[in-house]
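# A look at the structure
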Amino acid sequence: MGAGGPQRGEGPPDGGWGWVVLGACFVVTGFAYGFPKAVSVFFRALMRDFGAGYSDTAWVSSIMLAMLYGTGPVSSILVTRFGCRPVMLVGGLLASAGMILASFATRLLELYLTAGVLTGLGLALNFQPSLIMLGLYFERRRPLANGLAAAGSPVFLSALSPLGQQLLERFGWRGGFLLLGGLLLHCCACGAVMRPPGPGPRPRRDSAGDCAGDAPGEAEADGAGLQLREAPPRARPRRRLLDLAVCTDRAFAVYAVTKFLMALGLFVPAILLVNYAKDAGVPDTDAAFLLSIVGFVDIVARPACGALAGLARLRPHVPYLFSLALLANGLTDLSSARARSYGALVAFCVAFGLSYGMVGALQFEVLMAAVGAPRFPSALGLVLLLEAVAVLIGPPSAGRLVDALKNYEVIFYLAGSEVALAGVFMAVATNCCLRCAKAAPSGPGTEGGASDTEDAEAEGDSEPLPAVEEEPSNLEALEELSPRGGPTEAEVEAGPSLAAESV
């Protein structure tokens, strides 16, 4: 890390307790992404007991995903107000309570409110704070950390799908929901380890009256003893609970549109895969194992892609790598729309898991690089809200088409086209933003767009992001996100203020 970057006491530690936080984020990500898909194993039993169609039953997973994404702004506000740890503890209790109450449901509406709304809200209150905390612990190793955390999704998906099938066969869907509710209490344990990193060495007063660790000129000793001089006030805007100004960033706008198009079709094949295989004559156990195949491939793809994106030559081009992953996923859906044999379905699962893992490993890294750590909570909340709208449109519409056409081929064509379109848009829009930024005159007041992000990443983390020049540093943002007792504001900001002013 260059001399212009944050020093060890100022920036993210890139290790230490961060590895424990990474492990907790791994578990939370696994539950958040794997749980709504694994619940689809119970759909046939729910359709039989409630006499409902597939589209009505699929609303359980859709509402769960919609709550996971749609409550993003609410989660951002709560994290900014109360901190990550309390929000995650409450979220774990809500997620568990939702599945336990769902085991006593007598109507589909009750399933919508318990397994859908309550469990989805609990997962959302765990998922977003864990990503925020992970970004505060890692900077240089952030792509690898994101890839490892994202690997929780396939690991849990490969385990929860067969587990759900076994619970369904032994205890029925009610017993299965009850036991899965107890399993979700592990989210509370993950929330308990989410302590914020320290702000760096505290100032120490020695017998000579000097203040160790203070910046030059911040402490003076006179005849009466040590007298601390207040640091000059900095022109810094007051932190908002939800920063809507991030919407004016070109890179964020491109990313938001891409995520909306992607969410319309990305989750549809995974949700319909088990029932598609069962309708094709595949035994129930083998059909459930297809999701495990996707998970096994995804387990390898996500950390590998995260490590690849962290390379110095590739990190400035992560948006293009992300668009390539989306295009590959869409083409996989399009080429496998007529797969009916078990061998063809296995081949589809391998290709789908590889491209799906690349998308999962890169999606939040692209956003973090685009907006920076201080604005990441607000940006993530807004993006998840857009993704929730897309999830409410995509899977339910696919379920209604299945009920009407009795044909899965059209569904795969639509889903693949939407994801491929997202990849093409991401590549073209990013390239256009870079061209416009190069053509525009550069100056210190230029708004941070796609070019700012790319240039900052190209520096190899040797300098702070230009867009964060007027924003508080990562650790200052953490102190506001996770309030706790400690040194006064003047003491904590004494070191980072010089680094910010030197830029």
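With an unreviewed UniProt entry as reference, the protein chain is termed Monocarboxylate transporter 3, source organism Sapajus apella. The heading Sequence similarities (unreviewed entry) in the UniProt record of the protein chain holds the text "Belongs to the major facilitator superfamily. Monocarboxylate porter (TC 2.A.1.13) family." Heading Subcellular location (unreviewed entry) of the UniProt record for the protein chain holds this comment: "Basolateral cell membrane".

### Digging into the overall build of the protein chain
Within the protein chain, the secondary structure is distributed over 20 helices and four strands. When the 503 residues of the protein chain are sorted by exposure, 54% land in the buried category. Considering only contacts in the protein chain between residues 6 or more positions apart, those separated by 24 or more positions represent 85%. Counting only carbon and sulfur atoms, one obtains 63% of the accessible surface of the protein chain, whose full area is about 20300 Å².

### Regarding a nonpolar patch on the surface
Among the surface-exposed residues, Trp19, Leu144 and Leu148 lie close enough to one another that they form a single nonpolar patch of about 240 Å² accessible area. Residue position: Leu148 is located in helix H7 (residues 142-150).

### Details of the packing of helix H3 (residues 54-70) against helix H15 (residues 376-405)
At a closest axis distance of 8 Å, the pairing of H3 and H15 adopts a crossing angle of 170°. Considering their axes alone, H3 and H15 lie roughly antiparallel with respect to each other. Across from Tyr54, Ser55, Asp56, Trp59, Ser62, Leu65, Ala66, Leu68, Tyr69 and Gly70 in H3, the residues of H15 making contact are Leu384, Leu385, Glu387, Ala388, Val391, Leu392, Pro395, Pro396, Gly399, Arg400 and Asp403.

### Let's talk about the side chain of Ser378
With respect to the helices and strands, the residue Ser378 is situated in helix H15. In this structure, Ser378 is in contact with Ser76, Leu241, Leu242 and Asp243, ignoring residues within four places of it in sequence.

### So, the nonpolar core
In globular proteins that are soluble, nonpolar side chains generally tend to be buried together. In this structure, Phe35, Tyr69, Leu111, Phe177, Phe267, Phe322 and Leu367 are the most contacted members of the largest nonpolar core, which totals 132 residues. If one sorts the elements of this core by residue count, helix H14 (residues 342-371) sits on top with 15 residues. Counting contributing residues per domain, this core is built from domain 1 (15-196) and domain 2 (243-438), each supplying no fewer than three. With residues up to four places along the chain from it excluded, the contact list for Leu367 reads Phe252, Tyr255, Gly372, Phe376, Ala379, Leu380 and Val383.

### Quick word on the pattern of salt bridges
Across all of its chains, the model carries eight salt bridges by this definition. Note that Arg142 is salt-bridged to Glu365, the shortest N-O span being 3.0 Å. Highlighted residues: Arg142 in helix H7 and Glu365 in helix H14, separated in sequence by 223 residues. Look at Arg142 and you get buried, because its relative accessible area is 11%. Taken together, the shared-partner salt bridges in this structure form one network comprising Arg142, Arg315 and Glu365.

### Some thoughts on helix H8 (residues 152-183)
With 32 residues, H8 extends just 15 Å between its outermost C-alpha atoms, more than 12% less than the 46 Å of an ideal straight helix rising 1.5 Å per residue. Along H8, the sharpest kink reaches roughly 120°, centred on Phe171.

### Focus: the confidence of the model for the protein chain
On average, residues of the protein chain score 76 in pLDDT, and 77% of them are at 70 or above. Considering each helix and strand of the protein chain separately, the mean pLDDT is smallest for strand E4 (residues 225-228), with a value of 37, and largest for helix H5 (residues 84-102), with 92. Across residues 201-233, confidence stays below pLDDT 50; counting only partners more than four residues off in sequence or on other chains, it has 37 contacts.

### Details of the environment of Leu118
Mapped onto the elements, Leu118 comes out in helix H6 (residues 108-137). Leu118 sits in the partly exposed class, given a relative accessible area of 22%. Considered as a pair, Leu118 and Ala102 are 16 residues apart in the sequence and their alpha carbons are 9.6 Å apart. Ignoring any residue separated from it by four or fewer positions in sequence, one finds Leu118 in contact with Leu94, Ala95, Ala97, Gly98, Leu101 and Leu113.

### Points about the environment of Arg107
Checked against the element boundaries, Arg107 lands in the loop between H5 and H6. Placed 57 residues apart in sequence, Arg107 and Phe50 show a C-alpha to C-alpha distance of 6.8 Å.

### A short note on the packing of aromatic side chains
Any two aromatic rings considered together are summarised by their centre-to-centre distance and by the angle between their planes. The full count for this structure, using the stated rule, is 16 aromatic pairs. Taken together, the ring pairs connect Tyr33, Tyr69, Phe127, Phe267 and Phe364 into an aromatic cluster. We note Arg195 situated over the ring of Trp17; from NZ or CZ to the ring centre the distance is 4.1 Å.

Criteria and cut-off values
- Residues numbered from 1 in each chain as written.
- Predicted model: local features only at pLDDT ≥ 70, side-chain atom pairs only at ≥ 80, totals over all residues.
- Heavy atoms only, no water.
- UniProt positions renumbered as here; feature names shortened; annotations may be inferred.
- Helix = DSSP H or I, 4+ residues; strand = E, 2+ residues; numbered from the N terminus.
- Buried < 20%, exposed > 50% of the residue type's maximum accessible area, 1.4 Å probe, protein only.
- Contact = heavy atoms within 4.5 Å.
- Areas by Shrake-Rupley, 256 points an atom, 1.4 Å probe, with all protein chains shown as cover.
- Patch = residues over 30% accessible without salt bridge, like charges linked within 9 Å, V, L, I, M, F, W, Y side chains within 5 Å.
- Salt bridge = Lys/Arg side-chain N within 4 Å of Asp/Glu carboxyl O.
- Axes fitted to C-alpha atoms, helices over the stretch in contact; angles between N-to-C directions.
- Parallel < 35°, antiparallel > 145°, perpendicular 65-115°, else oblique.
- Core = buried A, V, L, I, M, F, W, Y, C linked by side-chain atoms within 4.5 Å.
- Domains from an automatic or database assignment.
- Expected span 1.5 Å × (residues − 1).
- Bend = angle between axes of the 7 residues up to and from the residue.
- pLDDT = per-residue confidence, 0-100.
- Phe/Tyr/Trp six-rings, centres within 6.5 Å; stacked < 30°, edge-to-face > 60°.
- Lys NZ or Arg CZ within 6 Å of the ring centre and 35° of its normal.

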